[in-house]
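# An overview of the molecular structure
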Amino acid sequence: MSDYHDEAWMRHALTLAHRAWEQGEVPVGAVLVQGGKVIGEGWNRPIGQHDPTAHAEIMALRQGGKVLENYRLVESTLYVTLEPCVMCAGAMVHSRINRLVFGARDEKTGAVGSLLDILRHPGMNHQIAIQEGVLAAECAALLSDFFRLRRGQKKALRQTIKRQC
């Protein structure tokens with residue numbers, strides 16, 4: 001797949017990440033593509049759905065399974081704005097996606113090379129091709145902006161409470 005297509009799909013994932021932000025969720029977006037067509041989309045929704053598994057990747061994989069009427073998502077590529085966590089990396093192995101493309105690294109919980117490397121573990125029964133760093137600066141900036149704003153909101157709330165006491 002060409003770099004142009006990877007960037008175009010990652011921009012789509014960034015649009016979904018913005019949707020997560022608008023809903024008060026950590027802005028991560030994911031797009032599952034097979035044969036040049038979207039078969040699944042997701043954005044983080046664990047807060048709104050009261051579901052710890054409602055990560056962008058899981059939502060996209062679930063939708064892809066329903067579209068294909070199969071839990072095996074062979075010959076598909078998952079584009080995600082942030083390096084997947086352990087849960088999401090495991091789901092990718094089980095779903096048999098062909099390829100993962102992600103933007104920013106997650107040094108704290110990333111399971112595709114940062115904290116752990118689930119997808120390249122020699123004991124895994126399925127290997128996934130990995131392309132990282134696609135639109136990394138934009139993906140990382142979105143997350144940084146979100147958390148900077150959130151910290152500012154918490155600080156303002158603490159100051160308001162302090163003044164009321």
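Residues numbered from 1 in each chain as written. Predicted model: local features only at pLDDT ≥ 70, side-chain atom pairs only at ≥ 80, totals over all residues. Heavy atoms only, no water.

## Some thoughts on a nonpolar patch on the surface
- A contiguous nonpolar patch, built from Val86, Leu115 and Leu116 and spanning about 250 Å² of accessible area, is present on the exposed surface.
- Mapped onto the elements of the fold, Val86 is located in helix H4 (residues 86–95).
- Judged by its relative accessible area of 40%, Val86 falls in the partly exposed class. (Patch = residues over 30% accessible without salt bridge, like charges linked within 9 Å, V, L, I, M, F, W, Y side chains within 5 Å. Areas by Shrake-Rupley, 256 points an atom, 1.4 Å probe, with all protein chains shown as cover. Salt bridge = Lys/Arg side-chain N within 4 Å of Asp/Glu carboxyl O. Helix = DSSP H or I, 4+ residues; strand = E, 2+ residues; numbered from the N terminus. Buried < 20%, exposed > 50% of the residue type's maximum accessible area, 1.4 Å probe, protein only.)

## Observations concerning the sheet that holds strand E4 (residues 99–104)
- The sheet built from 5 strands is open, its strands ordered E2-E1-E3-E4-E5 with mixed pairing. The open sheet has two edge strands with one neighbour each: strand E2 (37–43) and strand E5 (129–132). On average, each strand axis in the sheet is tilted by 15° relative to the strand beside it, whichever way the strands run.
- In this structure, strand E3 (residues 76–82) lies alongside E4, joined through 5 bridges in parallel fashion. Looking at E4, one finds that Thr77 is bridged to Arg99.
- Each of strand E1 (29–34), E2 and E3 is contacted by helix H3 (residues 56–68), which is oriented at about 145° to E2, the strand it contacts most. (Pairing = 2+ DSSP bridges. Axes fitted to C-alpha atoms, helices over the stretch in contact; angles between N-to-C directions. Contact = heavy atoms within 4.5 Å.)

## Overview of the packing of aromatic side chains
- Applying the stated criterion across every chain yields a total of 3 aromatic pairs.
- Taken together, a centroid distance of 6.4 Å and an interplanar angle of 35° make the contact between Trp9 and Tyr79 tilted. Of this pair, Trp9 sits in helix H1 (residues 3–22) while Tyr79 sits in strand E3, placing them 70 residues apart in sequence. In this structure, Trp9 and Tyr79 share a single accessibility class: buried.
- Plain terms: the ring middles of Trp21 and Phe146 are 5.3 Å apart, the flat faces sit at 80° to each other, and that makes the pair edge-to-face. Here Trp21 is found in helix H1, whereas its partner Phe146 is found in helix H5 (residues 136–164), with 125 residues between them in sequence.
- Site record: aromatic cluster; members linked through ring pairs are Trp21, Phe146 and Phe147.
- Residue placement shows Arg45 over the ring face of Trp43; its charged tip is 4.2 Å from the ring centre. (Phe/Tyr/Trp six-rings, centres within 6.5 Å; stacked < 30°, edge-to-face > 60°. Lys NZ or Arg CZ within 6 Å of the ring centre and 35° of its normal.)

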